[in-house]
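In case you want the letters, here they are:
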Amino acid sequence: MNHAPVLVVLLPLLAALTSLLLPYRLAPWLFSGCLAGVGGLLIPLYQRLIATGVFRYRIGGWGWPLGIDFYLDGTGFIMLAMTWALLAGIGWYSLAYFRGRPAAAHFWPLLLLVWAALDNLFLTADVFNMYVTLELLGLLSVALIALAGTSDAFSAALRYLLAALGGSMCYLLGVAMIYSASGTLDWVFLRTVLTEGPRAAMALALVTAGLMLKSAIFPLHFWLPRAHANAPAPVSALLSSLMVKASFYIALRMWLWIFPGVLHTHVAGPLLGLLGAGAILYGSLLALRQDRLKLLIAYSTVAQLGYLFVFFALSMHPEDVTPALQAVVFFALSHAFAKAALFMGAGVVQRTLGHDSLDRLAGCAQRLPQIVFSFGVAGVSLIGLPPSGGFVGKYLLIDTAIRERQWFWAGVLAVGGLLAGAYVFKILARAMADGLSPTFAPHLASITAPSHVLPDGAPKAAGDTFPAPATVATGPTAPTEGPTTSFTPPTTSAPDPGISRHPTPAPPAAAISAAMTAVPAEAAPPDRGLVWSTWTLAMTAFLLGLLALHPLQMIAIGAPETGPRLPGSEILK
Amino acid sequence: MDPTRGAPRQIPPGADPTGEGRAPSLLVRLLTGVGVTAFGVLLAWAILSLPPTAPGLLHEVREHLPRSGTKSMVTAVLINFRGYDTLLELTVLLIAVLGVFVIRQGSRVPEPPPMPLGPLAREFIRVLAPFLVIFAGYLLWAGGEHPGGAFQAGAILGALGILLRLGGALPDRAWGVLTERLVLTIGIFTFAAAGLACLAWGETFLTFPPAHAGAMILLIEATGTLAIGLILVLLFVGGSLAGTPPATPRPTPEAEP
């Protein structure tokens, strides 16, 4: 198993190519085989990491500086394991989601390629190879978003493509500056070779700007909400949980491993932290304002990415960055699980109810109890309540801030948690509302209300926004019957669709049956695979905090400033 | 000010996601202009401060060239020293085609037929085609000693395919699905197989033994040329040229105007 590092990448890559040649029904089998294979390969990697610490694998046998090396440390391994576990969950979900749909023929090869690219990113020690991976992931994201097939998805995909190209070009320019200044591309050795000066500063600025654009950090997040909200549900989960972490991972390597030895990064770190704080506040506030479930979750991603960048303000202290590193990697890990579960749950809601409008989620808790439970449990992790993974991550971040006496950042983190609580409870409150109350109660309340407001509201209810209930509701519409049995809601002219849905002066029995069908009881219950994969990922995010100790120890393997100044030197001799 | 560079930022950062098509305000445009100008000045300053002789890897490349299996430094770097990058770059090209397939699948808009060429142009393409094939083969072979190789030869093959398409000689459904998929992936398959064969020799992935390196590089480049050529043609056509797979029907012809 000496070749496990490269096989971890090659297995999904070759499976993706094979799945293009075979009938597409076999693709899920190839994916399952890859899950078993890569899972089996991760075990020897783990054992070796525990036994001997960080290690290298020379592709092409040339070694540094001529060739490309793989380099595995604890952070990289945690990311690999996270990728495996999340893809297992997302694959399970996609199996049910894409069953019998033509998009499946395209989805599985793309998913396998995403896997290969992510594994490659977390293993490579070469900053140019990272650029190639960024291109892979960027184009894959575009194709995956476009899988939705709607014009909204196409425009979101194109916008993402432009943003990603801009980000990649910026990053490539930075890598070119690094290479021309140092003559090497290996991030483990760069900190010893690179020299201080305007070149290094400009290189760091370019690389960071490119990566911020790609991971949608606050002022450059404009592409994210539409891209993540318009993609198919498994793709949204993939994008929000794993793809945005990819560019953050590179930024982490740059800011923690390469440039602290070269530049006075502690001057620039707080700037990134401020952007992160802006992202937390702005993303959370915008999440609160959304009226579509998927958009709310997408803005929550903008906010949660802010925490990752607040970390850069906390890590710029010379003594020991390991606690802060543990905190942020673990935070990224638990956010990935929680966010994937939220998007997958939103996909189930959209499938079952036919929409994801927050205003019409009432009754959701009765119809989809496991999904609403998953929302709650994953939300606990986003807010950062014990025992979730988000709690451990956030606790460690706040702990670092307090020990460094950086009260401002501790405050930002705390406020972010409150805002996350606000938008999570916005989802839960709507979903747990009684299915009958928003439609039925106004009818009872307005028995004596004047009915002359009816003509204003009736055409609106029969409009295109409510195709299914409107047919029920407008069936007995006959304004002449109105005055006798006036069950007209008092606020028909208000824009609230939940109330204006039944402006018809129907008799009480019809009103009740109309209200019942408003939560479409005729729709089939969602596939069990969809529900239980969502539930599993949410529970993982929730219980991750209890299992935090060992991952935290893993992250410390090969962390900068622990052990030798140059991790990996003892292997290269 | 380069307008394209500021293009992705034209959406104000706080824009409502539904506010599409709204012209950015004067303040945003002004800020973008100032930002881009400052960025350009800083970049120019950093580039001017680069040393005239960069501490590159030229010396290392020269030193290891005899063991690389090729006499061309570019080929040695592309296929041997940093062959792994090239393997992934071939994958990038494949993904671009897969992305086009995805978009074509969901699109209801039929592709307008290519502009008909006159008889003179068609005759010219007929004469040119065999020479282009020979030229591509020459570039591929020359890559062993001079600048050239898979990407250049593949570009020539791609140009040939585009000419044939424009001349009407390359119709829709020109070949089977499996053939097309096989050619699209054969470059990556061969590259990976060559790399995995090295494991059998007890080396790491892609460590070509010097005795066989030349032959392996030629094989990788030859299959890569085919794949790159087809990928470029399909990107130009904007979709698959293969026969209709049964599960995914194409848009029917009556949708065309």
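Read on for an overview of the structure. For every chain, the first residue of its written sequence is number 1, and the numbers climb from 1 along that sequence. Going through the entries in the order they are written, you letter the chains from A and number the ligands from 1. This being a predicted model, a pLDDT of at least 70 is required before a residue's local features are given, and a value of 80 or more before pairs of side-chain atoms are given or counted; all residues contribute to the totals for chains, interfaces and linings. To get the side-chain values, all heavy atoms of the structure are used, and hydrogens and water are removed first.

Time to look at the overall build of chain B. Secondary structure counts use DSSP, requiring at least four H or I residues in a row for a helix and at least two E residues in a row for a strand, with both numbered from the N terminus. Across its full length, chain B carries 8 helices and 0 strands. When the helices and strands of chain B are placed in sequence order, the string is α-α-α-α-α-α-α-α. The rule is simple: take the accessible area with a 1.4 Å probe, protein chains only, and divide by the maximum for that residue type; under 20% is buried, over 50% is exposed, in between is partly exposed. Burial status across chain B gives 39% buried among its 257 residues. Residue exposure ignores everything except the shown protein chains as possible cover, and the areas themselves are Shrake-Rupley values with a 1.4 Å probe. Put simply, chain B shows about 13,900 Å² of open surface, and 70% of that area lies on carbon and sulfur atoms.

Next up on the list: the pairing of strand E2 (residues 68-72) of chain A. Residue and element names in this part refer to chain A. Burial within E2 is extensive, with 5 of its 5 residues counted as buried. Here E2 shows a buried face lined by Ile68, Phe70 and Leu72 and a second buried face lined by Asp69 and Tyr71. Note: two strands are recorded as paired if DSSP finds a minimum of 2 bridges between them. Here strand E1 (residues 55-59) pairs with E2 via 5 bridges, running antiparallel. Its bridge partner being in E2, Arg58 is matched across the sheet by Asp69.

This part takes up the interface of chain A and chain B. In what follows, residue pairs with any heavy atoms lying within 4.5 Å of each other are defined as contacts. Across the contact, 64 residues belong to chain A and 62 residues belong to chain B. The largest contributions to the chain A side of the interface with chain B come from A:Leu21, A:Trp62 and A:Leu66, which together make up 13% of the buried area. Salt bridges are defined as contacts in which a side-chain nitrogen from Lys or Arg sits within 4 Å of a carboxyl oxygen from Asp or Glu. Counting every contact that joins chain A to chain B gives 1 salt bridge. Pairs of N or O atoms are called polar contacts if they sit within 3.5 Å, as long as, within protein, a hydrogen donor faces a hydrogen acceptor (for residues adjacent in sequence, only side-chain-to-side-chain pairs). Inspection of the region where chain A meets chain B yields 10 residue pairs in polar contact (both at pLDDT 80 or more). Secondary-structure elements contributing two or more residues to the side of chain A that touches chain B are helix H1 (4-21), E1, E2, helix H4 (104-123), helix H5 (127-146), helix H6 (151-182), helix H8 (198-214) and helix H11 (265-289) of chain A. Put simply, Ala, Val, Leu, Ile, Met, Phe, Trp, Tyr, Cys and Pro go in the nonpolar bin, Asp, Glu, Lys and Arg in the charged bin, and everything else, Gly too, in the polar bin. Taken together, the residues that form the side of chain A that touches chain B break down as 44 nonpolar, 13 polar and 7 charged. The term buried area denotes the loss of accessible surface (1.4 Å probe radius) that occurs when two parts are joined, taken as the sum for both partners.

Let's shift gears to empty space enclosed by the protein. All names here are of chain A. The way it works is a 1 Å grid over only the protein atoms, where trapped points that fit a 1.4 Å probe form a cavity and open points with protein on both sides within 12 Å along at least five of seven lines form a pocket, and then any residue with an atom within 4 Å of a point lines it. Grid points are joined across faces, edges and corners, and a volume is the space filled by probe spheres set on the points. Enumeration over the complete set of coordinates arrives at 11 cavities of 30 Å³ or more. Taken as a whole, the largest cavity encloses approximately 120 Å³ of empty space. Lining the largest cavity are 14 residues, with Ser141, Tyr160, Lys214, Met243 and Val244 sitting closest to its centre. Counting only elements with at least two residues in the lining of the largest cavity, the list comes to H5, helix H9 (224-230) and helix H10 (233-258). No other element matches H10, which puts 5 residues into the lining of the largest cavity. In the lining of the largest cavity, the residues fall into 10 nonpolar, 3 polar and 1 charged.

Residues and elements named next belong to chain A. Throughout the structure, instances matching the rule amount to 10 salt bridges over all chains. Among the salt bridges present, the one from Asp186 reaches Arg56, with a minimum N-O distance of 3.0 Å. Pair noted here: Asp186 is in the loop between H6 and helix H7 (187-193) and Arg56 is in strand E1, with a separation of 130 residues, a long-range link. Judged by its relative accessible area of 5%, Asp186 is buried. Note that Arg292 and Asp356 form a salt bridge whose closest N and O atoms lie 3.0 Å from each other. Here Asp356 lies in the loop between helix H13 (322-353) and helix H14 (364-367) and Arg292 lies in the loop between H11 and helix H12 (293-314), a separation of 64 residues in the sequence. Salt bridges here are not isolated pairs; linked through shared partners, they connect Arg56, Asp69 and Asp186.

Remember, this is a structural readout, not a statement about activity or role.
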